[in-house]
Amino acid sequence: MNYPRTIGNDGGFTLIEAVMAGAVLAITMLGLAGFQGASFAKNAQSKDSTVVTNFGVEMLERIQSNRQRVLDYHNIDTTAATPCPQTGAQRQALADCQQWRAALTASNISGVRGTVTAILGDPAPTLGVPSLNRTNVVITVTWNTSAGSGTSLQSKTMTFRTVVAPE
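Residues numbered from 1 in each chain as written. Predicted model: local features only at pLDDT ≥ 70, side-chain atom pairs only at ≥ 80, totals over all residues. Heavy atoms only, no water.

**A short note on the state of the cysteines**
As a reminder of what qualifies: The disulfide criterion is simple: two cysteine sulfur atoms within 2.5 Å. Helical segments are the DSSP runs of H or I of at least four residues, strand segments are the runs of E of at least two, and each set is numbered from the N terminus. With a 1.4 Å probe rolled over the protein chains alone, any residue whose accessible area is under 20% of its type maximum counts as buried; one over 50% counts as exposed, and the rest are partly exposed.
Per the counting criterion, the structure on display carries 1 disulfide. For Cys84, the disulfide goes to Cys97, at an S-S distance of 1.9 Å. The sign of the S-S torsion, about -90 degrees, decides the handedness of the disulfide formed by Cys84 and Cys97: left-handed. Note that Cys84 is positioned in the loop between strand 1 (76–77) and helix 2 (91–106) and Cys97 in helix 2, a separation of 13 residues in sequence. Cys97 sits in the buried class, given a relative accessible area of 0%.

**Here we look at the pattern of salt bridges**
Between side chains of opposite charge, pairing is possible as soon as their charged atoms come close. Note the following rule: In what follows, salt bridge is the name for a side-chain nitrogen of Lys or Arg lying within 4 Å of a carboxyl oxygen of Asp or Glu.
Overall, the coordinates contain 5 salt bridges when judged by the stated rule. The partner of Glu58 in a salt bridge is Arg62, and the shortest N-O contact between them spans 2.9 Å. Remark: Arg62 and Glu58 occur in helix 1 (residues 15–65); sequence separation between them is 4 residues, near one turn of the helix. Note on Glu58: relative accessible area 25%, which makes it partly exposed. Relative accessible area serves as the criterion here: at 16%, Arg62 is assigned to the buried category. Where Asp72 meets Arg69, a salt bridge forms, and the shortest distance between an N and an O atom there is 2.8 Å. Its relative accessible area of 15% is what places Asp72 among the buried residues. With relative accessibility at 34%, the residue Arg69 sits in the partly exposed group. Within this structure, Glu58, Arg62 and Asp96 form a network of salt bridges that share partners.

**Looking at the packing of helix 1 against helix 2**
Inclusion rule: For helices, the axis comes from a line fit to the C-alpha atoms of the stretch in contact; other axes are also lines fit to C-alpha atoms, and the angle between any two N-to-C directions lies between 0 and 180 degrees. Roughly parallel means an angle under 35 degrees; roughly antiparallel, over 145; roughly perpendicular, 65 to 115; everything else is oblique. Two residues form a contact once any of their heavy atoms are found within 4.5 Å. Residues are grouped as follows: Ala, Val, Leu, Ile, Met, Phe, Trp, Tyr, Cys and Pro are nonpolar; Asp, Glu, Lys and Arg are charged; every other residue, Gly included, is polar.
Closest axis-to-axis distance for the helix 1/helix 2 pair is 11 Å, and the angle between their directions is 170 degrees. With respect to helix 2, the element helix 1 is oriented roughly antiparallel. In this structure, helix 1 uses Phe55, Glu58, Met59, Arg62 and Ser65 to contact helix 2, whose residues at the interface are Gln92, Asp96, Cys97, Gln99, Trp100, Ala103 and Leu104. Here the contact of helix 1 with helix 2 is composed, by residue class, of 6 nonpolar, 3 polar and 3 charged.

**So, a nonpolar patch on the surface**
As a reminder of what qualifies: Note that patches include only residues with greater than 30% relative accessible area and no salt bridge, and the join distances are 9 Å for like charges and 5 Å for nonpolar side chains (Val, Leu, Ile, Met, Phe, Trp, Tyr). Calculation of accessible area relied on Shrake-Rupley with a 1.4 Å probe; when residues are assessed, cover is drawn exclusively from the protein chains displayed.
Among the surface-exposed residues, Leu25, Met29, Leu32 and Phe35 lie close enough to one another that they form a single nonpolar patch of about 460 Å² accessible area. Positionally, Met29 belongs in helix 1.

Laid out in C-alpha cells, this is it:
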C-alpha cells in the first residue's frame, strides 16, 4: 500500500520555536547568575566565620596553656591604644596578646577586634570559703561583613566562654 507523500514542512523547528527556546535559556542563565553572586557572598562570610573561630580557639588554647597566669590576660583589646595589659603581666601572656593582635590585623578581615575578659569565678580564699581558683574567661571577636548586595556592612560577633582552673 502506497501512501501519498505530502510536500510540506513536517519536521524541524520554526523560527518562533527557536526564539522561544533561546528566551527560556536566557532567563534560566540570568537566574543562575543571580544565585552565583549570592553564593560568592555567602562563601566569603563563611570563610570569615571560620577564620574568626580559629582565632578565638587559638587564644583559648594559649590561655589554657598558661593557666597559672590566667588573670594576666584580663582586659586584652586588640584595637585599644595599648591592647595588652602592661602592668604586672607575665612575658608569655604579653607575647600571646601581641601575637594574637598581629594575627588578627594580618587576617584582612574588615574591622576585626578581639577582646579577652578573665574574672575569678570562685570566692576569694581570704573569706574562708574553699576556692577552686577557677577563672571565667570570655573571648569575643567582632568583625564587619558585607550585608549581601555589596555596600552596607553588618557587624558580626562570636563569643567563646570557658572556665580555667589551675592544675
